[in-house]
Amino acid sequence: DEIQNQVNEDIEIIKSGILSKFNVNEIYALHIWPCLPKGKIYTKKGEILAKSTEFDIDIRGKNSNVACFKNGKDALSIGVELLHDIKKETRLISSSIVHVGELYSIGQRNIVCDNFSCKGTIRTFSLSTLNRICNIISRWINFYKEVYDIQIDLNINSNTLNSSFVYNGTSLNK
């Protein structure tokens with residue numbers, strides 16, 4: 001829904017006529033890109049960088065002493081398995097990246113951990129690819145919720161500065 005709302009807002013900007021009013025035929029963006037040599041400016045027609053979407057996954061399990069591990073629900077182990085399954089399936093999708101850069105879990109070495117959190121990013125050039133990846137993540141989360149009877153929360157934030165309409169085929173040029 002957030003993605004569709006952003007697309008609708010972008011389309012409304014185009015339909016409002018504000019771009020035509022000021023004779024805007026092209027839009028340029030400036031971005032720091034560490035993969036290019038320092039001190040150079042590069043241009044390219046069309047997209048050069050993918051749309052960035054952020055996601056957070058939080059899992060709440062149940063603490064238990066490791067000697068009685070069957071009494072607990074190991075959020076850390078479940079989280080690692082979940083990320084492995086998501087990565088395994090999404091890495092097959094071309095022109096996209098799914099990356100987790102932050103993992104959190106606080107516990108003790110002799111305690112089944114009751115918490116797991118991760119923060120990641122999804123990079124895509126099309127809304128259909130983004131929707132496909134979000135559906136994969138949601139499907140795996142629902143599977144793990146059912147199998148382990150555990151609370152898993154997913155938050156996806158696609159409100160970035162990159163405009164959605166650049167990637168859904170709508171052109172600014174008339």
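Located above this text is the structure these notes cover.
Residues numbered from 1 in each chain as written. Predicted model: local features only at pLDDT ≥ 70, side-chain atom pairs only at ≥ 80, totals over all residues. Heavy atoms only, no water.

Here we take up the pattern of salt bridges. Oppositely charged side chains are able to pair whenever their charged atoms sit close together. Scanning all chains against the criterion turns up three salt bridges. Among the salt bridges present, the one from Asp 149 reaches Lys 73, with a minimum N-O distance of 3.5 Å. Highlighted residues: Asp 149 in the loop between helix H4 (127–148) and strand S6 (151–157) and Lys 73 in the loop between strand S2 (64–65) and helix H3 (75–90), separated in sequence by 76 residues. On the basis of relative accessibility, which here comes to 28%, the residue Lys 73 falls in the partly exposed class. The partner of Glu 89 in a salt bridge is Arg 139, with the nearest N and O atoms 2.5 Å apart. With a gap of 50 residues between them, Glu 89 in helix H3 and Arg 139 in helix H4 connect regions that are remote in the sequence. Accessibility expressed as a relative area gives 26% for Glu 89, which makes it partly exposed. (Salt bridge = Lys/Arg side-chain N within 4 Å of Asp/Glu carboxyl O. Helix = DSSP H or I, 4+ residues; strand = E, 2+ residues; numbered from the N terminus. Buried < 20%, exposed > 50% of the residue type's maximum accessible area, 1.4 Å probe, protein only.)

Here we take up the sheet that holds S6. Spatially, four strands are ordered S3-S5-S1-S6 in an open sheet, and the strand pairing comes out antiparallel. The two strands at the open ends of the sheet, each matched to only one other strand, are strand S3 (96–104) and S6. Looking at each pair of strands side by side, their axes are set apart by 20 degrees on average, direction ignored. Note that S3 and strand S5 (residues 115–124) share eight bridges and pair antiparallel. Residue pairing in the sheet places Ile 97 in a bridge with Arg 123 of S5. H3 contacts strand S1 (51–60), S3 and S5 of the sheet and is inclined by roughly 15 degrees relative to S5. (Pairing = 2+ DSSP bridges. Axes fitted to C-alpha atoms, helices over the stretch in contact; angles between N-to-C directions. Contact = heavy atoms within 4.5 Å.)

Let us look at the packing of aromatic side chains. Note on aromatic pairs: each is described by the distance of the centres and the angle between the planes. Tallied over the entire structure, the rule returns four aromatic pairs. With 5.6 Å between their ring centres and 80 degrees between their planes, Phe 143 and Tyr 144 make a pair best called edge-to-face. Here Phe 143 falls in the partly exposed class, since its relative accessible area comes to 43%. The class for Tyr 144 is buried, based on a relative accessible area of 3%. Ring centres of Tyr 144 and Tyr 148 lie 5.7 Å apart, and the angle between their planes is 25 degrees; on these two criteria the pair is classed as stacked. Of this pair, Tyr 144 and Tyr 148 are both found in helix H4, four residues apart, which corresponds to roughly one turn of the helix. (Phe/Tyr/Trp six-rings, centres within 6.5 Å; stacked < 30°, edge-to-face > 60°.)

Here we come to unusual backbone geometry. Of all residues except glycine, most have a negative phi; of all peptide bonds, most are trans. The phi angle at Asn 23 is positive, at roughly 55 degrees, despite the residue not being glycine. Structurally, Asn 23 is set in the loop between helix H2 (18–21) and S1. The exposure class assigned to Asn 23 is exposed, which follows from its relative accessible area of 62%. With phi around 50 degrees, Asp 149 is a residue other than glycine that occupies positive phi space. Of the residues examined, Asp 149 reaches a relative accessible area of 58% and is grouped as exposed.

Before going further, it helps to examine the nonpolar core. In a soluble, globular protein the nonpolar side chains are often hidden away together inside. Residues Ile 57, Ile 59, Leu 82, Ile 122 and Ile 152 are the most contacted members of the largest nonpolar core, which totals 24 residues. Those elements giving two or more residues to this core turn out to be S1, H3, S5 and H4. Top contributing element to this core by residue count: H4, with nine residues. Apart from residues lying up to four places away in sequence, Ile 57 is in contact with Leu 82, Leu 83, Ile 86, Phe 116, Ser 117, Cys 118, Ile 141, Ile 152, Asp 153 and Leu 154. (Core = buried A, V, L, I, M, F, W, Y, C linked by side-chain atoms within 4.5 Å.)

Look at H3 against H4: their axes get within 10 Å of each other, and the N-to-C directions meet at 145 degrees. When the axes of H3 and H4 are compared, the crossing they make is right-handed. Contacts between H3 and H4 involve Ile 78, Glu 81, Leu 82, Asp 85, Ile 86, Glu 89 and Thr 90 on the former and, on the latter, Ile 133, Ile 136, Ile 137, Arg 139, Trp 140, Ile 141, Tyr 144 and Tyr 148. When the residues that make up the contact of H3 with H4 are grouped by side-chain class, the tally is 10 nonpolar, one polar and four charged. (Left-handed = near helix turned anticlockwise from the far one by under 90°. Nonpolar A, V, L, I, M, F, W, Y, C, P; charged D, E, K, R; others polar.)

Taken by themselves, the reported measurements are silent on function.
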